[in-house]
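So the chains spell out like this:
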Amino acid sequence: MTGEDRAVSNDMRRTAAAMRFQATCLAGGLLLAAAAGGADYMKDFDFLAKSVAGRAAALKAKKIDWPAVCARLKPRFQSCTSDKEHIANVMELLAALGDSHTGVLAPKTGWDGLPSKWDGLFGGGLWFGWERGRVMLRGVMPGHALEKTVPRGSTLIEIAGEPAWLVLEREKRRITTHQGSSSDHSLFSSMGNRLLPFGEKQSLELTFLAPDLKPRKAAAPRWGPAGKAFYPHAVQLPEGLEPKEGAVSVMLELPWSRKIGYLRITGSMDEATQAAFNAALDALKGMEALLLDCRGMGGGSDLPAWGMAGRFFTKNTPNGQGRMLKPAGSWQFDGPIVMLQDETEVSSAETFTWAMSETGRVVSVGRPTGGWGIIPTVMELPSGLATLRLGANNRPTPIRGVRTEGAGWPPDIEIPYGPVFCARADPAREVGTEVLRVLHAGFPRRDVAKTYAALFGGDIDGFRKAAAKFGKKLAGWSPDTLAKLVLEDLKAACALEVALAIGGNAAAPDAIGALARIEKLAATAKNAGLSAERGALAKAAEKLKQEAAAQEEFLKITDATLAAEEKAAAAFLQRHGKTLIGRYAKTTLWGRTADGKGK
C-alpha cells in the first residue's frame, strides 16, 4: 500500500468513526448545547494558549509571536457554536506554529466536514518536483494523452491562466491555515502527484515552458489513464520489481557485478516495516554492495529506525549523546552502501537517515529530507473533543548537533531539479549506481563523496581530474559521461531562469524564488567557468529585484485567498502599481480599474 493509499484508507476509517460517534450521540442525547460547549471551548483555548507558551519548540525556532496569534483567534473560540467549528479553530491555532508534528490527531467529531489538505487537489496523471517555487515536470503516467506532447523536464508556468507560483501559494496558504507545515519543500513534495487544484473541474488548462524554452499548452484530466493516480515511487523501482508493503529487494545484475543489492524501504518506521526490511535484506545475503533506497519511507518510532540501521554495523558504534548503534539481526552487511534520499522522508525516517549518514556508513544521493525535526508529545483537550500533538523538543542530530527543522538533512550529493535531470527516468538512482560502482572498486567513501559533490557544485574540471584515478580500476568507465550531463543540465537551468525572468511567464514571474535560485546557480556556474551564463543570470537578477520587492510586500498584505484590505491594497498599488505583480493584482486578482478603485 502506498502513502496515498494509506491516506485514503485513513480518511475512510475517520469518516466511519465519525458516523458511529454521531449516531451514538444522537441515540443517547449527548450533543452539547451551544452554551455548555462555549464554556468548554474557552477552557480548551486557555489550555492551548498556556501549553504552547510553555512547551512549544516552534515558538523560538520560528520566532512566532504567540500572544498576537492568540489575540487574533480568541474571538473565534468565544463566538463558536458547534464542536466541528471548534475543532477547526483548534486546528488553525496550532497550525500557526508551522510545525508538521503539531496538530489535531483524532477529533471526536470525526474528520468529515473539517478542512482537508486534499480539498480539490488531483494529479492529472502527472508528477512534479518543486525547486524554490519553480515547478518541474518529473513524470507522466504511461499511456497519458500528454506523454508525447509535454516532455519531462518542462516547467509549469500557468495553471488555468494564472501564474503557477501564485496558484500554489494560494493552495499552500489554504492548507497551512489549518495544518502546520515544517517546510515548503516537504509540503510540495508530498503533493507531487496531486499538486493541481482542479476544484470541481474535470479538466485543467496548463501552460508549460518546454526544455526548448517554447511554451506548450495542454489540458490535463482530473485523473490519469483509467481514472488512476500516478504513484511515482512505484515507477522508480528497477524493472521487474513489484512494490510491496514495508520493503522490497532484488539482486541487480549489472555489467560490472552480478551481486549488487537493491533494497527499497516502502513503509513507515514501525515493527511491520522493520520485519519486512529484515526479510528483504536477508534475501540479499552474499551481495557485494548495496543501493539502499529510502525515498518516500514514512515516520513513526525511532526504535525501528535504530534497529534497521543496526543491520549495517558489525560492532557497537557511537551515535551521539552516549547512545550506541548496536548490531542487529543474525548477520550484518559491512560492504559499501549508497543511500538514496528525498524530501518525502520525514520524522523518524530522518532519524534513520542520520544514523546512516552521521556515522559515515553511506554515501547519500538525492535531495534534502523533509525537515520534521521537532519531536511532539501527545495530549488531550480538556473538553475531550480531540487528542493532539504538540511539538515540544527541537532536537539536534545526535552526532553533529544539526537542527534540521524546516531544512532537512542534506545528501552528500544533491541531484538538481534541472531540465535535463528531470527529463531522465530516475536520475538519483542513475547517479547513485555510478557512485556505488566506484565504492565497489575499493575507493574510500569520503573521497568518492567529495569528488561527486564537487561535480554537482560545478567544479567539472576538478571532478575529471580527481576521478581520473577511479578509471584505473574500472574497466570501460569514464567520468566524462556524467560530467557532460551535469554541464548540460547546468546550462539548461541557467537558460531557463533567464527565460522565466524576461517573460517566460509574462503575467508575473516568480521573482522571489527566482532570485534565490539564481544566486545558487550563479555560484555553480562560476565554479564551472560559465562566464556567459553568469553574466546573463546577473542581468536577470537585476531585472527581478524591483519585482521581488513588490512581491514581498504583496505576500505580506494578502490573506489566504490573495485578497487584501482596501487601505493596504491602495497603498500597495500606489507604490508598486507599475510592477508586473502590481498590474496583475490590480486587474486580475483584485478586479480594480486603472484608477485603483474597485469595479
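None of the values given here were measured: they were computed from a predicted structure.

What counts, and at which threshold
Residues numbered from 1 in each chain as written. Predicted model: local features only at pLDDT ≥ 70, side-chain atom pairs only at ≥ 80, totals over all residues. Heavy atoms only, no water. Helix = DSSP H or I, 4+ residues; strand = E, 2+ residues; numbered from the N terminus. Rg over C-alpha atoms; globule rule 2.2 N^0.38 Å. Buried < 20%, exposed > 50% of the residue type's maximum accessible area, 1.4 Å probe, protein only. Contact = heavy atoms within 4.5 Å. Areas by Shrake-Rupley, 256 points an atom, 1.4 Å probe, with all protein chains shown as cover. Lys, Arg positive; Asp, Glu negative; His and termini not counted. Charge placed at Lys NZ, Arg CZ, Asp CG, Glu CD. Salt bridge = Lys/Arg side-chain N within 4 Å of Asp/Glu carboxyl O. pLDDT = per-residue confidence, 0-100. Phe/Tyr/Trp six-rings, centres within 6.5 Å; stacked < 30°, edge-to-face > 60°. Lys NZ or Arg CZ within 6 Å of the ring centre and 35° of its normal. Pairing = 2+ DSSP bridges. Axes fitted to C-alpha atoms, helices over the stretch in contact; angles between N-to-C directions. Polar contact = N/O pair within 3.5 Å; in protein donor to acceptor, adjacent residues only side chain to side chain. Core = buried A, V, L, I, M, F, W, Y, C linked by side-chain atoms within 4.5 Å. Expected span 1.5 Å × (residues − 1). Bend = angle between axes of the 7 residues up to and from the residue.

Notes on the overall build of the chain
When helices and strands are tallied, the chain shows 20 helices and 19 strands. For 599 residues, the compact-globule formula gives about 25 Å, and the C-alpha radius of gyration of the chain, at 25 Å, lands near that figure. Once the C-alpha set of the chain is aligned to its principal axes, its extents read approximately 80 × 60 × 45 Å. Relative to its full complement of 599 residues, the chain shows a buried share of 53%. A separation of at least 24 residues holds for 70% of the contacts in the chain among residues at least 6 apart in sequence. Approximately 26000 Å² of the chain is accessible, and the part contributed by carbon and sulfur atoms is 54%. Taking the 77 positively charged and 64 negatively charged side chains of the chain as two groups, their mean positions are separated by 3 Å.

As for the pattern of salt bridges
Under the criterion given, the structure shown has 29 salt bridges. Here Arg 72 makes a salt bridge to Glu 92, at a shortest N to O gap of 3.7 Å. You can see Arg 72 sitting in helix 4 (residues 66-79) and its partner Glu 92 sitting in helix 5 (residues 83-95), a full 20 residues away along the chain. The partner of Arg 311 in a salt bridge is Asp 282, and the shortest N-O contact between them spans 2.8 Å. Linking Arg 311 in the loop between helix 10 (302-309) and strand 13 (317-318) with Asp 282 in helix 9 (residues 271-282), this pair joins segments that are 29 residues apart in sequence.

Details of the confidence of the model for the chain
Looking at the chain, pLDDT values average 91 and 92% of them are 70 or higher. Taken together, the stretch residues 593-599 has pLDDT below 50 and engages in nine contacts with residues farther than four places along the chain or on a different chain.

Here we look at unusual backbone geometry
Phi is positive for Arg 132, which is not a glycine, with a value near 50°. Relative to the helices and strands, Arg 132 is located in the loop between strand 3 (126-131) and strand 4 (134-140). By relative accessible area, which is 40% here, Arg 132 ends up partly exposed. In this model, Leu 213 sits at a positive phi of 70°, which is unusual for a non-glycine residue.

Here we look at the packing of aromatic side chains
In this structure the tally under the stated criterion is 14 aromatic pairs. When the ring of Phe 277 is compared with that of Phe 312, the centres are 6.0 Å apart and the planes differ by 75°; the resulting orientation is edge-to-face. On the criterion of sequence distance, the pair formed by Phe 277 in helix 9 and Phe 312 in the loop between helix 10 and strand 13 is long-range, its members being 35 residues apart. Here the two residues Phe 277 and Phe 312 agree in accessibility, since each one is buried. Members of the aromatic cluster, joined through ring pairs, are Phe 122, Phe 198 and Trp 223. The side chain of Arg 194 reaches across the aromatic face of Trp 118, ending 4.2 Å from its centre. A cation sits over an aromatic face here: Lys 473 above Phe 443, 5.3 Å from the ring centre.

Here we look at the sheet that holds strand 12 (residues 289-293)
Hydrogen bonds between backbone groups are what pair the strands of a sheet, and the pairing can be parallel or antiparallel. Pairing in this open sheet of six strands is mixed, and the strands run 10-11-12-15-16-19 from one edge to the other. This sheet does not close on itself; its edge strands, each paired only once, are strand 10 (247-254) and strand 19 (413-414). Contacting strand 11 (257-265), strand 12, strand 15 (337-341) and strand 16 (363-366), helix 11 (residues 348-357) runs over the sheet at an angle of about 150° to strand 15.

Description of helix 10
For helix 10, a buried count of six out of eight residues is recorded, marking the element as mostly surrounded by other parts of the structure. The complete set of buried residues in helix 10 reads Pro 304, Ala 305, Trp 306, Gly 307, Met 308 and Ala 309. Close packing links the buried residues of helix 10 with strand 11, helix 9, strand 14 (324-325) and helix 11. Two or three places before Leu 303, at the opening of helix 10, Ser 301 has a side-chain oxygen 3.3 Å from that residue's backbone nitrogen.

Things to note about the pairing of strand 9 (residues 215-221)
Across seven bridges, the pairing between strand 8 (residues 203-209) and strand 9 is antiparallel. Considered in strand 9, the bridge of Ser 203 is made with Pro 221. Counting the residues between successive antiparallel strands, the hairpin from strand 8 to strand 9 contains five residues, one of them, Leu 213, with a positive phi of roughly 70°.

Topic: the nonpolar core
Core analysis: the largest hydrophobic core is formed by 38 residues, its most contacted members being Val 338, Val 435, Tyr 452, Leu 455, Phe 456 and Phe 470. In terms of residue count, helix 13 (residues 427-440) provides more of this core than any other element does, six residues in total. Counting 34 residues, the second largest nonpolar core, distinct from the first, contains Phe 45, Trp 66, Phe 77 and Trp 111.

A word on the pairing of strand 17 (residues 374-380)
One ladder, built from seven bridges, connects strand 17 with strand 18 (residues 386-394); its direction is antiparallel. Across the sheet, the residue bridging to Thr 377 is Leu 390, located in strand 18. The antiparallel pairing of strand 17 with strand 18 creates a hairpin that spans five residues between the two strands, and Gly 384 there sits at a positive phi of about 80°.

Focus: helix 4
For helix 4, built from 14 residues, the straight-helix expectation of 20 Å at 1.5 Å per residue is met to within 8% by its first-to-last C-alpha distance of 21 Å. Considering bend angle alone, the principal kink of helix 4 is centred on Leu 73 and spans about 35°; proline Pro 75 follows within four residues of it. Every buried residue of helix 4 is listed here: Trp 66, Val 69, Cys 70, Leu 73 and Phe 77.

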